[in-house]
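Per-entry structural report
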Amino acid sequence: MTQQNQFLTSVANVRLFDRLTDELILNGKTLLNSSMTQAIQTQAIHAGKGSKKVYELNYQKELTFSIEDAAFDTAYIALQNGTEINHQLAEFYTDEIILLDDSGKGSLANTPIGKVHVEQLNGTFSQYAPTGKDISVPALAGKEVQVVYAVQEMMDTIEISADSFPKAVRMELNVDIRSNNGKTGEVIIEVPNFKPNGAVEISMTHEGVASSSLAGSSLADKKGNYAYIKLRNLTDEKVQVTALASNPSRLILDSTVPGDSQQITVLGIRGPGYSNVLLQNSDLTWTSKNSTIASVDTNGIVTLGASATSNDQTIIEVTDGTYLETITVDVI
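Attention here is on the structure that accompanies the text. (Residues numbered from 1 in each chain as written. Predicted model: local features only at pLDDT ≥ 70, side-chain atom pairs only at ≥ 80, totals over all residues. Heavy atoms only, no water.)

**Structural notes on the pattern of salt bridges**
Here the structure, examined in full by the defined rule, presents 10 salt bridges. The salt bridge partner of D22 is R170, with a shortest N-O separation of 2.4 Å. Of the two residues, D22 sits in the loop between β1 (7-17) and β2 (24-28) while R170 sits in strand β11 (residues 169-179), which places them 148 residues apart along the sequence. Of the charged contacts, one joins K183 and D176 as a salt bridge, the two residues approaching to 3.1 Å between their closest N and O atoms. (Salt bridge = Lys/Arg side-chain N within 4 Å of Asp/Glu carboxyl O. Helix = DSSP H or I, 4+ residues; strand = E, 2+ residues; numbered from the N terminus.)

This is the structure in structure tokens:
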């Protein structure tokens, strides 16, 4: 990516997918914070005079994640319990203030399930059997009273079972990379097997807003990897390399085979800490020092020249505009 200073900014967006069906379970775009932590257990071996540290054993690497979403989303609770969100008929209690007429009769906003709890003059509640939405409390005739009763309604429901536990999901975190010139790229962290830790906390305070949280750790995939960190470049800049390396660096063409040819591939050497990158031959410039012995096309295919004979030799040059690599061509 770019050579200028870059900064990982703000929080990530998070997406969670079902590992079996690849369905999107959650698309979180209002995170308050997001973090990834890697921890490695170590055991030091000390020996010799002065008990010098001569070896360190590393083991039990763990990768943990923590995200907190400003939005309240029941999907977080379901994920932490390994359960589904079911839309079903469920009961809940409601309360309201109603005015009883001169005979003590009043109407409720909803049809109660079971008896209605009516507040008495001394602050206690007594139960009364309703008739549909109507109740009758002669002792409180003409008064406004508070009532509490159960009703039924179709609602999304999450069961928190004593024997259900979180299931692993596929998680992707996406966060911006910025420089003084604005957004230059993205860091994409893919976790094939993210296992929530099952912790749920809903904090409800008079001056706050409850947020949704999800924490857990990564399980190794079939390749033995916990996660994949991908750097997406959004600028027009090419990958920076420090040298070119061709494969093969020396090739042989057979003069007895008309039109004998070979394909050359070119690697860009990125330097310490980076693996080499395969360059596109069509993005490079190819030149033959003597095309009558061997020619080269824009795709890096070297072809025996029509007048080439045994023991002829020439040089193929390839450049990206900055670095040059030479390939020796021998004719046998």
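**Focus: unusual backbone geometry**
Along the chain, N247 connects to P248 via a cis peptide bond; the corresponding omega equals 0°. Along the chain, the position of P248 falls in the loop between β15 (243-247) and β16 (250-253). Of note in this structure, Q60 is not a glycine but carries a positive phi near 50°. Even without a glycine there, the phi angle at N311 is positive, about 80°. On the secondary structure map, N311 appears in the loop between β22 (301-304) and β23 (313-319).

**Topic: helix α1 (residues 74-81)**
Three- or four-residue spacings in an α-helix give side chains the same orientation, since the helix completes a turn every 3.6 residues. Burial of α1 is extensive: 7 of the 8 residues sit out of reach of the surface. Turning to α1, its buried residues are A75, Y76, I77, A78, L79, Q80 and N81. Sitting at the head of α1, D73 places a side-chain oxygen 2.9 Å from the backbone nitrogen of A75. (Buried < 20%, exposed > 50% of the residue type's maximum accessible area, 1.4 Å probe, protein only. Polar contact = N/O pair within 3.5 Å; in protein donor to acceptor, adjacent residues only side chain to side chain.)

**Observations regarding the pairing of strand β18 (residues 265-269)**
Alternating positions in β18 separate cleanly, V266 and G268 being buried on one face and T265, L267 and I269 remaining unburied on the opposite face. The pairing of β18 with strand β19 (residues 277-278) spans 2 bridges and is antiparallel. Its bridge partner lying in β19, G268 is registered against V277. (Pairing = 2+ DSSP bridges.)

**Considering the layout of surface pockets**
Considering only enclosed or pocket space, the largest pocket measures out at about 460 Å³ in volume. Around the largest pocket, the lining comprises 14 residues; the ones closest to its centre are D18, I25, T83, E84 and K167. With 3 residues, α1 is the single largest residue contributor to the lining of the largest pocket. Residues of the lining of the largest pocket, tallied by class, amount to 8 nonpolar, 2 polar and 4 charged. (1 Å grid on protein atoms, 1.4 Å probe; cavity = no way out; pocket = protein on both sides within 12 Å on 5 of 7 lines; lining within 4 Å. Points joined across faces, edges and corners; volume = space filled by probe spheres on them. Nonpolar A, V, L, I, M, F, W, Y, C, P; charged D, E, K, R; others polar.)

**Brief notes about the sheet that holds β15**
One open sheet accounts for 3 strands, arranged β15-β18-β19; its pairing is antiparallel. Edge positions in the sheet fall to β15 and β19, since each of these pairs with one other strand and no more. With 5 bridges joining them, β15 and β18 adopt antiparallel strand pairing. Counterpart to N247 in the pairing with β18 is T265.

**Some thoughts on the sheet that holds β23**
Strand pairing within a sheet occurs via backbone hydrogen bonds; the two strands may be parallel or antiparallel. Read across the sheet, 4 strands follow the order β16-β24-β23-β20 without closing on themselves; strand pairing throughout is mixed. The open sheet is flanked by β16 and β20 (285-288), the only strands paired with a single partner. Sheet twist, expressed as the mean angle between neighbouring strand axes with direction ignored, is 25°. Bridge analysis of β23 against strand β24 (residues 324-331) gives 7 bridges, and the strand direction is antiparallel. Counterpart to I316 in the pairing with β24 is I327. (Axes fitted to C-alpha atoms, helices over the stretch in contact; angles between N-to-C directions.)

**Some points on the environment of V209**
With respect to the element layout, V209 can be found in the loop between β12 (182-196) and β13 (212-218). Taking the relative accessible area as the measure of exposure, V209 reaches 75% and is therefore exposed. Between the alpha carbons of V209 and L63 there is a distance of 29 Å; along the sequence they are 146 residues apart.

**A few points about empty space enclosed by the protein**
Per the stated rule, a full pass over the model turns up 1 cavity of 30 Å³ or more. Taken as a whole, the largest cavity encloses approximately 80 Å³ of empty space. Looking at the largest cavity, the residues that line it are F72, Y76, I77, Q80, A199, V200, E201, I202, S211, S212 and S213. Secondary-structure elements contributing two or more residues to the lining of the largest cavity are α1 and β13. If one sorts the elements of the lining of the largest cavity by residue count, α1 sits on top with 3 residues.

Geometry only, nothing functional implied.
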